Amino acid sequence: MFLGIDDTDSPDGMCTTYLGAMLAENLRRAGYTVGEMRLIRLNPNVVWKTRGNAAVCLEVTGGTPEAVFDAACGLVEEFAEFDCENTNPGVVVVKERPDPAFYYQALQRFCTIGETVRRLDKIGALYCGYKCGRGLIGALAAVSSVLPDATYELLAYRSPERFGTPREIVEESFFASAAATFPHTWDTVDPAAGTVVCVPHGKDPVLYGIRGESPEWVEASAALLLSEPPTFSQIWKTNQGTDAHLLDYDGEPLEGLSYRIDGVVIAEPLTRCGGHVQFLFMPDTGGPAIIVFAFEPTKEFRHMVRRLLSGDRITLCGSWRKNALHLEKFRANTLVTTEVRESPKCPVCGGRMTSAGYGKGYKCRNCSGRIRDVAVQMREITEGWYEVPPDARRHLAKPIARMQDD
Ligand code: ATP
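Worth saying up front: this structure is predicted, and the values here are computed from it rather than measured.

Trainee: Just to check I follow, could you spell out the domain arrangement of the chain for this structure?
Mentor: It is common to report an interface's size as the accessible area lost on association of the parts. Under the domain assignment, the chain is made up of domain 1 (2–143), domain 2 (151–238) and domain 3 (246–338 + 380–402). Using only C-alpha atoms to locate each centre, domain 2 and domain 3 end up separated by 29 Å. Taken together, the contact between domain 2 and domain 3 spans 10 residues of the former and 9 residues of the latter. For the pair domain 2 and domain 3, the two sides together bury roughly 740 Å², of which 58% comes from carbon and sulfur. In this structure, the connection of domain 2 to domain 3 is made through 1 salt bridge. Counted by class, the side of domain 2 that touches domain 3 contains 6 nonpolar, 1 polar and 3 charged residues.

If you want it as C-alpha cells, here you go:
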C-alpha cells in the first residue's frame, strides 16, 4: 500500500519529511516492511506553501490499510503544527498507485480541494483532511507520483532538544565532501559564494540535506561531514533536480506555470532598480513577446544574462509570474556574433562615445572628441547552459551537472 502525507509544518517548526521518517521507524518497529520512501516536490508557485512545497509517500507492506492509516493520523495529530493558520494536514492511504495524471496536475498546474476529495472517493482511498484539508492535494499527488527521472536526498535530522538552536557544523568538511563527490552530489555548498547551502537556518528538525544521483553517493558524501550528531537520517527518492515541473511552451503563458521555451532575444538586458535584470524575448511558438526577469538573489547568474545580445537564440526555463518569466536557467544555443565592439571612453574628457556612422569611428557626446576605431573583443559568453547559484535554485530545477543531452 502507499501512504501519503502533506502540510504538517509551519515556519516555526516541524517538517513533513521528519514526520514521515518517524512514522516509517514506528511502522518498522511494529513489524511492517517500509519500502521506497519518496520526497515529492509539487508546483513551486503555490502561494500557501511553507517552504519548498514537499509531500511524502511511503510504500508499506504488512498489516491492513486501516491500521497504517490510524498510525499515520496518530502521528500527525501529535506532531503537526495545527496552530499555524496555513497548516492543513492531509493523510491518504491507497492499496494501488492511482493514475499519475493527478500527480502531474499538482506538479505542473493547480488543484482544488474539492476535485481532490472527489478523486479520493472515486478510487476508494482512506483519507483524512485536517482543518481546511488542503494537505490532501499533496498527499494524493505523492501516492500518485511516477519518477521517470529521480535523484536522492539524504536528510539528517537533529535531536529534539536542539530544535531552534544554531546548527553546529564544521564548514570545511562540507566543502571537502562536496569536492570529493561532485558531480555525483550537488548543492551542498556554493563554491563561488563560499557558503554552505545544504544546512537550513530555521527551527525545523533538518540538520542537513545531501542531494545526489544515487543512495550510495549521498551516503558517501554524508560520511565525510563533521557536525553535531544527527539523531537519525533517511534517504529519500525524489523528483528534485529533474525539471519535472517544466511544460513545453505553447504560446500562451499561464500564471503559476513553469516552462521551457525556445526563442530569440529581441531587446538587450537592462539592470533595473533593486538589481534585477530584464530583457525581451520572442518565443519560436509565436504569440506575444515575453519579459524575462533574473532577480537580485540570483547574484552572478545576472552577469551572464547581461551578456546576451539582441538576436541570440536561447532556451529559457522558468516560471510565469505576474506577466513575466522568472528565470531558473538558460541555454545559449546560437549567438548572433562572437565579437563585440564596446562603446569607448573619450580619451579627452572620459565621457561616453557613440558611433559617428558607418566607417567614421566614434565621437564623444560631451566634447566632440573623436577616435577612428575601437578594439574588437570576444564576447564573454559561449554556447551552453547557465544557471542560478545553488542558494537560489528551486528544488525541482535540474542542475547543469545533470544536464547531458538536454
Ligand atoms: P511541508 O514540509 O509541510 O510539506 P511545504 O513547504 O512543502 O511544507 P506545505 O505546508 O505542504 O508546504 O503547503 C503546500 C500546500 O499546497 C499543501 O497543502 C499542498 O497540498 C498544497 N498544494 C501542493 N501543490 C498544489 C497544487 N498544485 N495546487 C494546489 N495546492 C497544492
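Trainee: Would you mind going over the site of the ligand with me for this structure?
Mentor: Near the ligand there are 23 residues, and of these Asp 7, Asp 9, Thr 50, Arg 51 and Ala 54 occur at the shortest range. One of the backbone N or O atoms of Thr 8 is found 3.3 Å from an oxygen atom in the ligand. Contact between the ligand and Ala 54: an oxygen atom at 2.4 Å from a main-chain N or O atom of the residue. Expressed as a share of its isolated accessible area of 620 Å², the protein-covered part of the ligand is 98%. Spatially, the ligand is embedded in the largest pocket. The leading source of residues in the shell around the ligand is helix α5 (residues 135–143), at 3 residues.

Trainee: Just to check I follow, could you spell out the pairing of strand β17 (residues 324–334) for this structure?
Mentor: As a general feature of sheets, a regular strand has side chains that alternate between the two faces. Of the strand pairs in this sheet, strand β15 (residues 290–294) and β17 are connected by 2 bridges, and their pairing is parallel. Bridging from a neighbouring strand, Phe 293 pairs with His 326 of β17. Bridge count between strand β16 (residues 313–321) and β17: 9 bridges; the pairing is antiparallel. When the sheet's bridge partners are listed, Arg 321 is paired in β17 with Ala 324. The turn linking β16 back onto β17 is made up of 2 residues, and Lys 322 within it adopts a positive phi angle of 50 degrees.

Trainee: So what exactly am I meant to see when it comes to a nonpolar patch on the surface here?
Mentor: A cluster of nonpolar side chains, namely Ile 266, Leu 280 and Ile 291, defines an oily patch on the protein surface of about 200 Å² accessible area. What makes Leu 280 partly exposed here is its relative accessible area of 30%.

Trainee: I'm lost on the sheet that holds strand β6 (residues 151–157) in this one. Help?
Mentor: Within a sheet, neighbouring strands are paired by backbone hydrogen bonds and run either parallel or antiparallel to one another. As summarised here, the arrangement of the 9 strands in space is β5-β4-β1-β3-β2-β11-β6-β10-β7, forming an open sheet in which the pairing is mixed. Every interior strand has two partners, whereas the edge strands, β5 (126–129) and β7 (185–186), have only one. Taken together, the 4 bridges between strand β4 (residues 90–94) and β5 define a ladder with antiparallel strand orientation. Note on β5: the bridge partner recorded for Val 92 is Tyr 127. Across the sheet, α5 touches β1 (2–6), β2 (33–41), β3 (54–61), β4 and β5, and the angle it forms with β4 is around 30 degrees.

Trainee: What should I look at first to understand the sheet that holds strand β20 (residues 362–364) in this one?
Mentor: What the 3 strands build is an open sheet, ordered β19-β20-β21; its pairing is antiparallel. With one partner strand each, in any of the chains shown, β19 (353–355) and β21 (370–371) form the two edges of the open sheet. Of the strand pairs in this sheet, β20 and β21 are connected by 2 bridges, and their pairing is antiparallel. Looking across to β21, one finds that Tyr 362 is bridged to Ile 371.

Trainee: Please clarify how the packing of aromatic side chains should be interpreted in this entry.
Mentor: Two numbers describe a pair of aromatic rings. These are the distance of the centres and the angle of the planes. According to the stated counting rule, one finds 11 aromatic pairs in the structure shown. Ring centres of Phe 174 and Tyr 208 lie 5.7 Å apart, and the angle between their planes is 80 degrees; on these two criteria the pair is classed as edge-to-face. Of this pair, Phe 174 sits in helix α6 (residues 171–181) while Tyr 208 sits in strand β10 (residues 206–212), and the two are 34 residues apart along the sequence. Overall, the relative accessible area of 6% leaves Tyr 208 in the buried class. Through a chain of ring-to-ring contacts, the aromatic side chains of Tyr 18, Tyr 157, Phe 163 and Phe 232 assemble into a single cluster. The ring centre of Trp 48 lies 4.3 Å from the NZ or CZ of Arg 134, which sits over that ring.

Trainee: Could you clarify how one ought to interpret the layout of surface pockets in this entry?
Mentor: Space left empty within the atom packing is revealed by a probe, the size of a water molecule, rolled over the atoms. There is about 1,200 Å³ of room inside the largest pocket. Lining the largest pocket we find 50 residues, and of these Arg 41, Arg 51, Gly 52, Asn 53 and His 395 sit closest to its centre. Residue assignment for the lining of the largest pocket shows that the elements contributing at least two residues are α1 (16–29), β2, α5, β6, β9 (195–196) and β10. It is β10 that provides the largest number of residues to the lining of the largest pocket, a total of 4 residues. Across the lining of the largest pocket, the residue classes break down as 22 nonpolar, 13 polar and 15 charged.

Trainee: Any chance you could explain the side chain of Asp 243 here in plain terms?
Mentor: Mapped onto the secondary structure, Asp 243 falls in the loop between β11 (232–238) and β12 (246–248). When its relative accessible area of 11% is taken as the criterion, Asp 243 is described as buried. Once residues lying within four places of it in the same chain are set aside, the contact partners of Asp 243 are Lys 329, Leu 396, Ala 397, Lys 398 and Met 403.

Cut-off values and rules
- Residues numbered from 1 in each chain as written.
- Predicted model: local features only at pLDDT ≥ 70, side-chain atom pairs only at ≥ 80, totals over all residues.
- Heavy atoms only, no water.
- Domains from an automatic or database assignment.
- Contact = heavy atoms within 4.5 Å.
- Buried area = accessible area lost by both parts, 1.4 Å probe.
- Salt bridge = Lys/Arg side-chain N within 4 Å of Asp/Glu carboxyl O.
- Nonpolar A, V, L, I, M, F, W, Y, C, P; charged D, E, K, R; others polar.
- Near = heavy atom within 4 Å.
- Polar contact = N/O pair within 3.5 Å; in protein donor to acceptor, adjacent residues only side chain to side chain.
- Areas by Shrake-Rupley, 256 points an atom, 1.4 Å probe, with all protein chains shown as cover.
- 1 Å grid on protein atoms, 1.4 Å probe; cavity = no way out; pocket = protein on both sides within 12 Å on 5 of 7 lines; lining within 4 Å.
- Sits in = over half its atoms within 2 Å of the grid points.
- Helix = DSSP H or I, 4+ residues; strand = E, 2+ residues; numbered from the N terminus.
- Pairing = 2+ DSSP bridges.
- Patch = residues over 30% accessible without salt bridge, like charges linked within 9 Å, V, L, I, M, F, W, Y side chains within 5 Å.
- Buried < 20%, exposed > 50% of the residue type's maximum accessible area, 1.4 Å probe, protein only.
- Axes fitted to C-alpha atoms, helices over the stretch in contact; angles between N-to-C directions.
- Phe/Tyr/Trp six-rings, centres within 6.5 Å; stacked < 30°, edge-to-face > 60°.
- Lys NZ or Arg CZ within 6 Å of the ring centre and 35° of its normal.
- Points joined across faces, edges and corners; volume = space filled by probe spheres on them.

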